[in-house]
Amino acid sequence: MIPQVFKIVLPSIGNEVVNLIKDSSLVYVIGLGDLLRAGNVASARDVTLLPLIIAGVIYLLLTAVCTVILRLIEKKSSVWR
């Protein structure tokens, strides 16, 4: 039963992982520290946009890596179909 359920819920789990990474920047609005807040502090200290650009690139890389890994897992699980 587990392999059958796994192949059905895998795309949903993958979407949630990617959404969690993307939504983690919303934590900045609430006031907790994260990557975007660190970039904003460094940007204010150094008076340059480079830290914010680097933070954006890190978010993009995290999302891309998770998407690729989850695609590979989904391909492997499609063997069970």
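Here goes a summary of the coordinates provided. (Residues numbered from 1 in each chain as written. Predicted model: local features only at pLDDT ≥ 70, side-chain atom pairs only at ≥ 80, totals over all residues. Heavy atoms only, no water.)

Notes on a nonpolar patch on the surface
Selection criterion: Distance thresholds for patches are 9 Å for like charges and 5 Å for nonpolar side chains (Val, Leu, Ile, Met, Phe, Trp, Tyr), applied to residues having over 30% relative accessible area and no salt bridge. Here the accessible surface of atoms and residues is derived via Shrake-Rupley with a 1.4 Å probe, and residues count as covered only by protein chains that are part of the display. Here, a salt bridge means any Lys or Arg side-chain nitrogen found within 4 Å of an Asp or Glu carboxyl oxygen. Numbered from the N terminus, helices here are DSSP runs of H or I no shorter than four residues, and strands are runs of E no shorter than two. Exposure is judged per residue with a 1.4 Å probe applied to protein chains only, and the accessible area is read against the type maximum: over 50% gives exposed, under 20% gives buried, and values in between give partly exposed.
Among the surface-exposed residues, Leu49, Leu50, Ile53, Ile54, Val57, Ile58, Leu61 and Leu62 lie close enough to one another that they form a single nonpolar patch of about 720 Å² accessible area. Its location among the elements puts Leu50 in helix H4 (residues 50-77). Taking the relative accessible area as the measure of exposure, Leu50 reaches 49% and is therefore partly exposed.

Here we look at the pattern of salt bridges
Across all of its chains, the model carries one salt bridge by this definition. When the shortest N-O distance is used, the salt bridge between Asp46 and Arg45 registers 3.2 Å. Looking at Asp46, the relative accessible area reads 41%, which means it is partly exposed.

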